[in-house]
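# Structural features, examined
Chain residues, written in single-letter form:
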Amino acid sequence: MSTGFDDLWNDLVPLGRHRSTGGYRRFSWGAADAEVRAWFAEAAADRGLKVETDRNGNLWAWWGRPGPKAVVTGSHLDSVPDGGAFDGPLGVVGALAAVEELQRRGVRPERPLAVVVFVEEEGARFGVPCLGTRLITGAITPERAAGLADADGITWAAALERAGLDSARIGPDPELLGRIGVFVELHIEQGRALVHSGHAVGVASAVWPHGRWRMDFSGQADHAGTTRMADRNDPMPPFAETVLAARAAAEEHGAVATIGKVHVAPNGTNAVPSRVRAWLDARAPDEAALRAAVDAIDAAARRGSAAHGVSLATYQESYTPVVTFESGLRDRLAEIVGGRAAPAPVLPTGAGHDAGVLAGAVPAAMLFVRNPTGISHAPEEYATPADCRAGVTALTDVLADLVTEKSED
Ligand code: HGY
Ligand code: MN
Ligand code: MN
């Protein structure tokens, strides 16, 4: 049995890493996902935790019988295409290492503790982020989730069935939600906010509002060589104008906007495209700024489409309102982590997280581990071993405080 953070980390790190890019391709219900889920189940069982799969495919490893007022920690193991090693796994490995440390310290929990791995946090394969927690909390209907399809047309329901789960059971899980007394997620910081703070670990104050919109620019396929420019209904120029408009709108409204995924049909060198399908990811510190930026981008897309005789259809694929973490829990963690005299820094994030989705239903908090470059969602994502260990110690101290808190009943 591997012991401690380093052994656990070294066991997990090779799984799902692409040998040429060094990035991770751990997509829900794929081969790499099956490997990391098996790794988790074994590592949890090695620490005396009882592993269960909930109706939505999330993995729960229980220390003590599953029950009310549980202290829950964990994160996700799925990645964006060619993502980094830390986004998600740091919270899962850190949670297992923290449980091991609690056991080493001889901590006797007054309430159940669970380590959880949520499914489809990135939405990289099925398009909706934090799908596992949105299903548990009812933030997405089981019908919509079941019908979400990947690029090959395989639905969430079909993928779940192939993984041996009953897709008819997916949906809200009030009984499971009722067991959660508090959820704490350890996660690499995905910006540079901690770099000059002098602290290896910070505490989340909020998650920015953010959403994903799909835009379909549909024109007329035609011959690249024989079709005069004036005769074209080419969807590419309005798409290109929209990309530039997204950048301008983000800068104007203090938002961030990204178009990182584009499908061109028929994707031929010598054919005017029939359709350009693009996804906008937009976020801002507040809902008004986000709305203003998205409206400006949408207006630019419509203007460009009309000018080129192209039709435009847009779909909001996901939207997450601003999340403000409960201040009492936030400040309690900041003191535990940094000490009463110099509490850990408190900071917002532009990244979405399962803790943010759960915060609407249960007390939730996040601990961030310093990211020296601020790079994330890329193979270069990194946190130093010392800072990772500081994160595990911080999580262990927080869990020790929470799990020994006498349960009223
Ligand atoms: O995209 C995000 O904000 C997160 O990494 N799921
Ligand atoms: Mn991520
Ligand atoms: Mn993440």
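All of the points below concern the structure found in this document. (Residues numbered from 1 in each chain as written. Chains lettered and ligands numbered in written order. Predicted model: local features only at pLDDT ≥ 70, side-chain atom pairs only at ≥ 80, totals over all residues. Heavy atoms only, no water.)

## Section: the sheet that holds strand E9 (residues 256-265)
- An order of E9-E11-E7-E12 is seen for the four strands of this open sheet, with the pairing classed as antiparallel. Two strands close off the open sheet at either side, each with one partner strand: E9 and strand E12 (311-320). Strand-to-strand, the axes of this sheet are offset by a mean angle of 15°, without reference to chain direction.
- Sitting on the sheet, helix H8 (residues 236-253) touches strand E7 (210-218), E9 and strand E11 (275-283), and the angle it makes with E9 is about 170°. (Pairing = 2+ DSSP bridges. Helix = DSSP H or I, 4+ residues; strand = E, 2+ residues; numbered from the N terminus. Axes fitted to C-alpha atoms, helices over the stretch in contact; angles between N-to-C directions. Contact = heavy atoms within 4.5 Å.)

## Observations concerning the site of ligand 1
- The environment of ligand 1 is formed by Asp 87, Glu 121, Glu 122, Arg 283, Ala 351, Gly 352 and His 377.
- Within the side chain of Arg 283, one N or O atom sits 2.5 Å away from an oxygen atom of ligand 1.
- Relative to its unbound accessible area of 210 Å², ligand 1 is 94% covered by the protein chains.
- In terms of residue class, the shell around ligand 1 is built from one nonpolar, two polar and four charged. (Near = heavy atom within 4 Å. Polar contact = N/O pair within 3.5 Å; in protein donor to acceptor, adjacent residues only side chain to side chain. Areas by Shrake-Rupley, 256 points an atom, 1.4 Å probe, with all protein chains shown as cover. Nonpolar A, V, L, I, M, F, W, Y, C, P; charged D, E, K, R; others polar.)

## Side note on the coordination of the manganese ion (ligand 3)
- At 2.1 to 2.2 Å from the manganese ion (ligand 3) lie its protein donor atoms, namely His 76 (NE2), Asp 87 (OD) and His 187 (NE2).
- Motif for the manganese ion (ligand 3), donor spacing along one chain: H-x10-D-x99-H.
- The manganese ion (ligand 2) is placed at 3.6 Å from the manganese ion (ligand 3), the two being bridged by Asp 87. Highlighted residues: His 76 in strand E3 (residues 70-76) and His 187 in strand E5 (residues 180-188), separated in sequence by 111 residues. Grouping residues by exposure puts His 76 and His 187 together as buried. (Donors = N, O, S within 2.8 Å, 3.2 Å for Na, K, Ca; no water. Buried < 20%, exposed > 50% of the residue type's maximum accessible area, 1.4 Å probe, protein only.)

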